[in-house]
Structures are given as C-alpha cells and as structure tokens.
Amino acid sequence: VIEKLVARQILDSRGNPTVEVDVYAKVNGQVKLIARSSAPSGASTGSNEALELRDGDKGVYGGKGVLTACKNVNEILSPQLKGKELFDQNVLDELMCKIDGTELKTKIGGNAITATSFALAEAAAILNDEPLFLHVAKNFYGKDKIPKKFALPVPMVNILNGGKHAGGKLKIQEFMIVPSRNVPFKERLRRVVAVYHTLGGLVVKKYGVSAKNLGDEGGFAPLIDTPDEALNIIEEAITTAGFKVGEDIGLALDSASSEFYDSEKKLYEITEGKFLTSEELVDYYVELVKNHPGIMSIEDGLDEKDYAGWINMTQKLGDKIMIVQDDITTSNPRLIKQGIEEKWANALLLKINQIGTMKEGYEAVRLIHGNNGSVVVSHRSGETTNSVISDLVVGIGAGYIKTGAPARGERTAKYNRLLQIEEYLEEHGML
Ligand code: PGA
Ligand code: ZN
C-alpha cells in the first residue's frame, strides 16, 4: 500500500521547472522508495489542456516554478492516497480526479497529477515485478483480458524542426519520417537513424554548419522557407540513405497550425507573407500530398477551433492519409466524442498531460479504437528522461509513437526503452 508521495521541482529538457513525484510504500513492514516519475511540458499547447500550475513569481525561473504544484502533491494528494492499494491505476487516477474536482485539473495542477499518475504506474509495476507495459495493459484491457501478444509501434520521427520549436522561418512545426511496419522495431530505428544522419550531412552542405543546430525535439533546424523545400531535402536524405520514399519510409507533418492562424482575419500564414483561408490551406495540403506521395499523416493541419476546416480536410484527405487531432481534442474524452460525431479526423494524438491521468488517456484511446481510428502516443517538446510513454504505447496497443529525433537524452530514453521492451517480448514469446 502507498505510504506517502514526495514531490520536488526538477528541470525539463528546456531548463524549465517541472514536477517529479516519489512513491513510497510499505514492503514487509518497511517504508521504501519504490519509484519516481515526472511530468512533461508543451510549447504549442492547446487551449483546452489541463492546467500546468506555475508559481508565477517572475523573479524565479521566469514565473515557471512549480513549487505550489509540488506542495499540492505533498499536502493534498499524499495524505489522501496514503493506505491505498497500488495496483489498480484506474481507481487511483479516478480518486485524484475527484480530489481535484475540475475537468482541467485547475485545483491541484495537471503537472502535479500527471507526474503522480506516472509515478504510481511505475511503482505498481515494480512492486508487481512486471514490466510497466503489462501493468498498463491490465488497467487498459482489464486484469484477465490482456492479449497474449503485443506489438511495437511505428515511430513518427521528427527530424526537421520548425514553428515554435526552432528559430527559423518554417511555420510547420514538425517534419517526420515514418519507417514501414514490416520490419522489427530495432530495424525501424536503424533506418530512421541512417536517414537522420544523412540529413544532417545534407543540411550542412546546403545551408552551412549552423543548419545542424537542433530544435527542441532534436530535429535539425536549418533556415528553410517552405514546406516543399523541407520535404525535398528529407526525400533526398531517404533516397541517399538507400531507402524508397513512401515504401520503406513515409513522411508525416505536424503543422501545429494554431500557432500561425490569425483568428480575427481567419487566415493561415503558411509561409512568411503568404496567407491562406481555411479552404485554401486544405487545397494546399491536397497539392502537397500529390507532390509528395510519401506523406501519410498530417497533424493539426488546421486551427483548434476551425471545426469546418477539419471536416473539410477529413473529407478531402481522410481516405488517403492520417488526419491527426492534437490541439483540437487535447486527449479529452469529451472533445473526442464530439469529434467522432462530427467527423473531425481519423486519428488521435495522445498526450497524457493534456488531460491529466493515465486512466483518462485509456478512455480516449478506447473511443478512437472503437471507431477504427489510429492512435499516436506522444511526448511533449519539453520532456524529462522518464520513458512511461514507451510502455504506454505498447500496453494499449497503439499503432504509433511520436517522440522526437533519435538524439538528445530525453528523446532517446523513449526509443531505448522500446528496444528493451522488444527484447522482453521476444524472450517471452509475446511478439
Ligand atoms: P508541444 O508540441 O509539446 O510543444 O505541444 C508537440 C506537438 O504539437 O505535437
Ligand atoms: Zn502537435
């Protein structure tokens, strides 16, 4: 049973404070630290995300301190979770939701709750002496209904960064490569790393040494002007590395378009000085997919409130590519239900800290899987080195994971964990 939770302020990959939570339990009469985990943090956040509780004292960490969130764990969550069994994540997450009492976790703080939810999951797995993905599966499917076989996800690997994650002119935030599913995970990873390194060489040749600087998610950040130019050089990297575009390695975009949408004028600035209406932007994507047939997914192609635009895009491209909703649904089951009814998209980006707890994330996934949609489990641009999302994606059987470039420790921690899980599944005949 849980003895206590202890929260502290640590740093994320951008050097901003975030919440880390330790879980203590009584084992054979002795109080022991069992596990710890932490919350990630986004930059291009959706307006309906769970509240990231920040202290707001401008003199300390630019107002981004999370000491209040930590205090809420220590003084509110800890005493109320004390004495509870660790194994049923759903019950513990539900209890935290009740204690907070708000949809967007504005009382305790979404950062406090996500860090606690992650840490409780890690602790339960350790006490049960099982890998975390199995603990996730038990809570997702039900204890006696977990599948005998599991699969590794296809990674959507962000190798070129724009938008809020880089300092260049490119408005589209992420250019990703997506290896085909028909090879083992370790081979999927080897292929994308080969392309990543090849791209590094190409951007230096074309744009100079500073082009090799990395954006927030570990992708290169060359001074490129247009999506076309970015896609061309990525396609060149794929071919140069010895692969076929579209066959061995596909392409995916995250426009994060709320960041370049002017909601008053209702115009999207797709490249510097070029403004498009919602309809024009969808036609632009249609053309982009025609010219770059390797594109198999576009995330947040439209603003988070441009519902008509989403429906239009799904009608025009939904049978060809994945239309992934991130900021529009913010992993919130209530919004996801609405999106399913109104046919906003055909795929979901799942970020637990957008809604708060693992349990709410499971609900979101059940809704999407129940409607033949795809799920992409995702990191945030601000991360820590925990690898909960790697176990999450395998445990719930989601098809895809998005966790940045194969570089920078907080990104590779997730890829490396997937390598460990693949090995475990092989050894146990569970693949
Ligand atoms: P964020 O970016 O973590 O900064 O929100 C990731 C994404 O938009 O998918
Ligand atoms: Zn996104």
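Just so we're clear, the structure is a prediction, and the values are computed from it rather than from any experiment.

What counts as what
Residues numbered from 1 in each chain as written. Chains lettered and ligands numbered in written order. Predicted model: local features only at pLDDT ≥ 70, side-chain atom pairs only at ≥ 80, totals over all residues. Heavy atoms only, no water. pLDDT = per-residue confidence, 0-100. Near = heavy atom within 4 Å. Polar contact = N/O pair within 3.5 Å; in protein donor to acceptor, adjacent residues only side chain to side chain. Areas by Shrake-Rupley, 256 points an atom, 1.4 Å probe, with all protein chains shown as cover. Nonpolar A, V, L, I, M, F, W, Y, C, P; charged D, E, K, R; others polar. Donors = N, O, S within 2.8 Å, 3.2 Å for Na, K, Ca; no water. Helix = DSSP H or I, 4+ residues; strand = E, 2+ residues; numbered from the N terminus. Salt bridge = Lys/Arg side-chain N within 4 Å of Asp/Glu carboxyl O. Buried < 20%, exposed > 50% of the residue type's maximum accessible area, 1.4 Å probe, protein only. Axes fitted to C-alpha atoms, helices over the stretch in contact; angles between N-to-C directions. Parallel < 35°, antiparallel > 145°, perpendicular 65-115°, else oblique. Left-handed = near helix turned anticlockwise from the far one by under 90°. Contact = heavy atoms within 4.5 Å. Pairing = 2+ DSSP bridges. UniProt positions renumbered as here; feature names shortened; annotations may be inferred. Expected span 1.5 Å × (residues − 1). Bend = angle between axes of the 7 residues up to and from the residue.

## Focus on the confidence of the model for the protein
- Looking at the protein as a whole, its pLDDT mean stands at 97, while 100% of the residues score no less than 70.
- Across the interfaces of the predicted complex, the ipTM metric reaches 0.98, alongside a pTM of 0.98.

## What about the site of ligand 1?
- By nearness alone, 15 residues border ligand 1, and Ala 43, His 165, Arg 380, Ser 381 and Lys 402 come closest of all.
- Contacts to ligand 1 include Gln 173, whose side-chain N or O atom sits 3.0 Å from an oxygen atom.
- Asp 254 is positioned with one of its side-chain polar atoms (N or O) 3.1 Å from an oxygen atom of ligand 1.
- Its free accessible area being 270 Å², ligand 1 has 100% of it covered by the protein chains.
- A breakdown of the residues in the shell around ligand 1 according to their chemical character gives two nonpolar, five polar and eight charged.

## Thoughts on the coordination of the zinc ion (ligand 2)
- Bound to the zinc ion (ligand 2) on the protein side are Asp 254 (OD), Glu 299 (OE) and Asp 326 (OD), at distances that span 2.0 to 2.2 Å.
- Counting along the primary sequence, the residues that act as donors to the zinc ion (ligand 2) give the motif D-x44-E-x26-D. Of this pair, Asp 254 sits in strand β6 (residues 249-254) while Glu 299 sits in strand β10 (residues 295-299), placing them 45 residues apart in sequence.

## Section: the pattern of salt bridges
- The final tally for this structure, using the stated rule, is 32 salt bridges.
- The residue Glu 259 makes a salt bridge to Lys 164 at a minimum N-O spacing of 3.4 Å. One end of the pair, Glu 259, is in the loop between β6 and β7 (261-262); the other, Lys 164, is in the loop between β4 (154-161) and β5 (174-179), and 95 residues separate them in sequence.
- A residue is classified by how much of its surface remains accessible, and Glu 259, at 34% relative accessible area, is partly exposed.
- Judged by its relative accessible area of 49%, Lys 164 falls in the partly exposed class.
- Residue Asp 283 is joined to Lys 316 by a salt bridge in which the shortest nitrogen-to-oxygen separation is 3.6 Å.

## Here we look at the packing of helix α12 (residues 388-395) against helix α13 (residues 409-427)
- Contact geometry of α12 with α13 gives a least axis separation of 8 Å together with a crossing angle of 45 degrees. Classified by the angle their axes make, α12 and α13 are oblique. In the crossing of α12 with α13, the sense of the turn from one axis to the other is right-handed. When α12 is examined against α13, the residues Ile 389, Ser 390, Asp 391, Val 393 and Val 394 are found in contact with a partner set consisting of Lys 414, Arg 417, Leu 418, Ile 421 and Leu 425.

## Some words on the side chain of His 135
- When you line up the elements, His 135 lands in helix α4 (residues 132-141).
- Setting aside residues up to four positions removed in sequence, His 135 forms contacts with Phe 87, Gln 89, Ala 121, Ala 124, Ala 125 and Glu 130.

## Observations regarding unusual backbone geometry
- You will see that Ala 256, though not glycine, has its phi angle at about 45 degrees, which is positive.
- Here Thr 330, not a glycine, exhibits a phi torsion of approximately 40 degrees, which is positive.
- One can find Thr 330 in the loop between β11 (322-325) and α9 (333-342).
- Residue classification places Thr 330 among the buried residues on the basis of a relative accessible area of 0%.

## Here's the deal with the environment of Leu 348
- Structurally, the position occupied by Leu 348 is in strand β12 (residues 347-350).
- A relative accessible area of 0% means that Leu 348 is categorised as buried.
- In this structure the C-alpha to C-alpha distance between Leu 348 and Gly 373, which are 25 residues apart in sequence, comes to 7.4 Å.
- Those residues within four positions of Leu 348 in sequence are excluded, and the remaining contacts are Val 324, Gln 325, Thr 329, Ile 336, Ala 364, Ile 368, Ser 374, Val 375 and Val 376.

## Focus: the pairing of strand β1 (residues 2-11)
- Where β1 lies against strand β2 (residues 17-27), nine bridges are found, and the strand directions are antiparallel. Within the sheet, the bridge partner assigned to Val 6 lies in β2 and is Asp 22.
- The loop that links β1 with its antiparallel partner β2 comprises five residues; one of these, Gly 15, has a positive phi angle of about 80 degrees.

## Regarding the sheet that holds β7
- An order of β7-β8-β9 is seen for the three strands of this open sheet, with the pairing classed as antiparallel. Of all the strands in the sheet, the pair left with one neighbour each is β7 and β9 (274-276).
- Summarising the sheet, strand β8 (residues 267-271) and β9 pair through three bridges and their orientation is antiparallel. In the sheet register, Glu 269 faces β9, and the bridge partner there is Phe 275.

## Concerning the UniProt feature "domain: Enolase C-terminal TIM barrel" (unreviewed entry) in the protein
- When the UniProt feature table is mapped onto this chain numbering, "domain: Enolase C-terminal TIM barrel" (unreviewed entry) sits at residues 149-430.
- Secondary structure across residues 149-430 divides into 41% helix and 18% strand, with the first and last C-alpha atoms of the span separated by 4 Å.

## Looking at helix α1 (residues 67-81)
- For α1, which comprises 15 residues, the first-to-last C-alpha distance of 20 Å matches the rise-based estimate of 21 Å (1.5 Å per residue) to within 8%.
- The largest bend in α1 amounts to roughly 30 degrees and is located at Val 73.
- For α1, every residue scored as buried is listed here: Ala 69, Cys 70, Asn 72, Val 73, Leu 77, Ser 78 and Leu 81.
- Tucked into the core, α1 has its buried residues touching β1, β2, α2 (89-100) and α3 (110-128).
- Phi turns positive one or two residues past the end of α1, at Gly 83, with a value near 90 degrees.

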